[in-house]
Each structure stands twice: as structure tokens, then as C-alpha cells.
Amino acid sequence: ALMAIASEFIPYQQLGGDQPLRQLVDRFYDLMFSEPGVEIVRDMHNPDTREIRDRFFDFLSGWLGGPQRYIEKHGHPRLRARHLPFSIGRSERDQWLHCMNLALDDTPMDAELRAYLKDAFAKTGDFLRNRGEA
């Protein structure tokens, strides 16, 4: 079972390391730039996604319990602070999560891991909301 011993559960290893993680990141950005209905989030990003793909890969590597590449290159992620320049409400969160959930569906992994990651991304998306909404 995936979560049997929480201390041994490392999503990065469960996913299979760098290759599937890179596949997930690339699929996410490919979807962000092709999927209808995500224009608000797409327009927040530079059309040249080479740098952001690498940064997101580095971030997710550490966030999922793998090599701490992002911290080694850029210091602490300061996730909320780095996203403050962008107005993020429910619609932005939902568009971002739509792309990530499709990317997770398209990336081979254990069903329990997929469900765990969808939940973790949803919680993080909520955490990054910075626009006062009722």
C-alpha cells in the first residue's frame, strides 16, 4: 500500500524519478498552451516556456521528496511570495488545476499516487489564492 508507512512514502520515487517527472511538467505546459478555457492562466506565462519548465521541474523534484534542485539553484521557493505579483482567485486556480489534472491523467503512475498528487496540488492551489473572494 502506498501510504502504509508514511515515512517511507516519497512521491518522487513512487513516480519513478526524473523521466516521468519531466514528462509530467512538459505535458502540463503543453496543455496550458493548447487547452481551451485556460487563457487567463496561459496569459500569465511567457510563451517561451523553456525556463519555467526547468524551474517547475526543479521545484517539483524537491516538493515531491527528490533532489532539492530548486533550493540549490534559487534558494527557498517562497511559493506564496513568488506568486503575489499575479492575481490568483478561484478561476485561475481552477484553470491551473485543470491542466495539472489532465497532465497527471496522461502520466503513467499508480492510481493512489495520482489521487494523492491531485489532492496535494489542489491544496497548494488554494494556498496560492491571493485575491479576496467571498
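Residues numbered from 1 in each chain as written. Predicted model: local features only at pLDDT ≥ 70, side-chain atom pairs only at ≥ 80, totals over all residues. Heavy atoms only, no water.

## Brief notes about the environment of proline 36
Here proline 36 shows up in the loop between α2 (18–32) and α3 (39–42). For the pair proline 36 and tryptophan 63, spaced 27 residues apart in sequence, the C-alpha separation works out to 28 Å. (Helix = DSSP H or I, 4+ residues; strand = E, 2+ residues; numbered from the N terminus.)

## Considerations on helix α4 (residues 50–63)
In this model α4 runs 20 Å from its N-terminal to its C-terminal C-alpha over 14 residues, within 8% of the 20 Å that 1.5 Å per residue would give. Buried within α4 we find Arg53, Phe56, Phe57, Asp58, Phe59, Leu60, Ser61 and Gly62. Turning to α4, the residues buried within the fold contact α1 (11–15), α2, α5 (69–74), α6 (79–83), α7 (90–106) and α8 (111–127). Of the residues flanking the end of α4, it is glycine 65, one or two places downstream, whose phi is positive at about 95°. (Expected span 1.5 Å × (residues − 1). Buried < 20%, exposed > 50% of the residue type's maximum accessible area, 1.4 Å probe, protein only. Contact = heavy atoms within 4.5 Å.)

## Brief notes about the confidence of the model for the protein chain
On average, residues of the protein chain score 92 in pLDDT, and 94% of them reach the 70 mark or higher. Mean pLDDT in the protein chain bottoms out at α6, which sits at 90, and peaks at α2, which reaches 98. (pLDDT = per-residue confidence, 0-100.)

## A closer look at the side chain of serine 61
Mapping serine 61 onto the fold places it in helix α4. Using a relative accessible area of 0% as the deciding quantity, one classes serine 61 as buried. A distance of 2.9 Å separates a polar atom in the side chain of serine 61 from a polar atom in the side chain of arginine 69. (Polar contact = N/O pair within 3.5 Å; in protein donor to acceptor, adjacent residues only side chain to side chain.)

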